[in-house]
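Secondary and tertiary structure notes
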Amino acid sequence: MRKVILDLNVIDPKSFDYSNPDADPKKELHKYIAEQLGFDSERCVNSDRLYDELISIDEPTAIGLFMPNGELEELDIEYMMYLDTIKDTFNEAEADNPELAVIHGDITDNGGVDAGEDVDAILEELLKAY
């Protein structure tokens, strides 16, 4: 099984010079994801294209998806909303591709998990299928 960790904390939207029209954290996010998963970064330019790439994975692949966290006032809200779209894209692709397993860094983002549950037992159960 191929295992990939995507740490989406590597893109800091606050470090971008938004006066430069080429400075776009969403583009950098897609480029990072494409590089980490071995996708063509020219094709993986939005959530629809990312979905297409994810459902084309034809070998058992587990992806650990770690989203940024921090104090709400420190975060770029528009970017964080886009990250929710990315998270949904991974979840939809996982539902449509039996070769794909997405495990979220925030345990409560893994379907059917409530905060406060035994995290080790939950992860063990999630990984049994793979």
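Residues numbered from 1 in each chain as written. Predicted model: local features only at pLDDT ≥ 70, side-chain atom pairs only at ≥ 80, totals over all residues. Heavy atoms only, no water.

1. Focus on the pattern of salt bridges
Scanning all chains against the criterion turns up 3 salt bridges. Lys 26 is paired through a salt bridge with Glu 78; the nearest N and O atoms lie 3.3 Å apart. Here Lys 26 is found in helix H1 (residues 25-37), whereas its partner Glu 78 is found in helix H3 (residues 77-96), with 52 residues between them in sequence. Given a relative accessible area of 55%, Glu 78 falls into the exposed group. Arg 43 is paired through a salt bridge with Glu 53; the nearest N and O atoms lie 2.8 Å apart. Here the residue Arg 43 occupies a position in the loop between H1 and helix H2 (47-55), and Glu 53 occupies one in helix H2, the gap between them amounting to 10 residues. Residue class for Glu 53 comes out buried when judged on its relative accessible area of 10%. (Salt bridge = Lys/Arg side-chain N within 4 Å of Asp/Glu carboxyl O. Helix = DSSP H or I, 4+ residues; strand = E, 2+ residues; numbered from the N terminus. Buried < 20%, exposed > 50% of the residue type's maximum accessible area, 1.4 Å probe, protein only.)

2. Considerations on the packing of H1 against H3
In a pair of packed helices, the angle between the axes and the distance between the axes together describe the arrangement. Two numbers describe how H1 lies on H3: the axes approach to 11 Å, and their chain directions differ by 30°. Relative to H3, the element H1 lies roughly parallel. Between H1 and H3 the crossing geometry is right-handed. Contact residues: H1 offers Pro 25, Lys 26, Leu 29, His 30, Ile 33 and Leu 37, while H3 offers Glu 78, Tyr 79, Tyr 82, Leu 83, Ile 86 and Phe 90. Its residues assigned to classes, the contact of H1 with H3 comprises 9 nonpolar, 1 polar and 2 charged. (Axes fitted to C-alpha atoms, helices over the stretch in contact; angles between N-to-C directions. Parallel < 35°, antiparallel > 145°, perpendicular 65-115°, else oblique. Left-handed = near helix turned anticlockwise from the far one by under 90°. Contact = heavy atoms within 4.5 Å. Nonpolar A, V, L, I, M, F, W, Y, C, P; charged D, E, K, R; others polar.)

3. A closer look at the nonpolar core
Considering soluble globular proteins, one finds that nonpolar side chains tend to be buried as a cluster. Grouped together as the largest cluster of nonpolar side chains are 27 residues, with contacts concentrated most on Leu 6, Leu 8, Leu 29, Ile 33, Leu 37, Leu 54 and Phe 90. Contributions of two or more residues to this core are made by strand S1 (2-7), H1, H2, strand S2 (61-66), H3 and strand S3 (100-104). Element by element, the count of residues in this core is highest for H3, at 6 residues. Those residues in contact with Leu 8, other than ones at most four positions away along the chain, are Leu 29, Tyr 32, Ile 33, Leu 65, Phe 66, Met 67, Pro 68, Tyr 79, Leu 83 and Ile 86. (Core = buried A, V, L, I, M, F, W, Y, C linked by side-chain atoms within 4.5 Å.)

4. Some points on the pairing of S3
Along any regular strand the residues' side chains alternate between the sheet's two faces. With 5 of 5 residues buried, S3 is to be regarded as a mostly interior element. Of the strand pairs in this sheet, S2 and S3 are connected by 5 bridges, and their pairing is parallel. What sits directly across from Thr 61, in S3, is Leu 100. (Pairing = 2+ DSSP bridges.)

5. Some words on H2
Residues of H2 that are buried include every one of Ser 47, Leu 50, Glu 53 and Leu 54, and no others. Looking straight down H2, one finds that the buried residues subtend no more than 115° of arc, so they occupy a single side. Lining the buried residues of H2 we find H1, S2, H3 and S3. (Arc of directions from axis to C-beta.)

6. Considering the environment of His 30
Secondary-structure assignment places His 30 in helix H1. Note: C-alpha distance between His 30 and Ser 41 (11 residues apart in sequence) is 7.2 Å. With near-sequence residues (within four places) excluded, His 30 lies in contact with Cys 44, Val 45, Asn 46, Ser 47, Leu 50, Tyr 82 and Ile 86.

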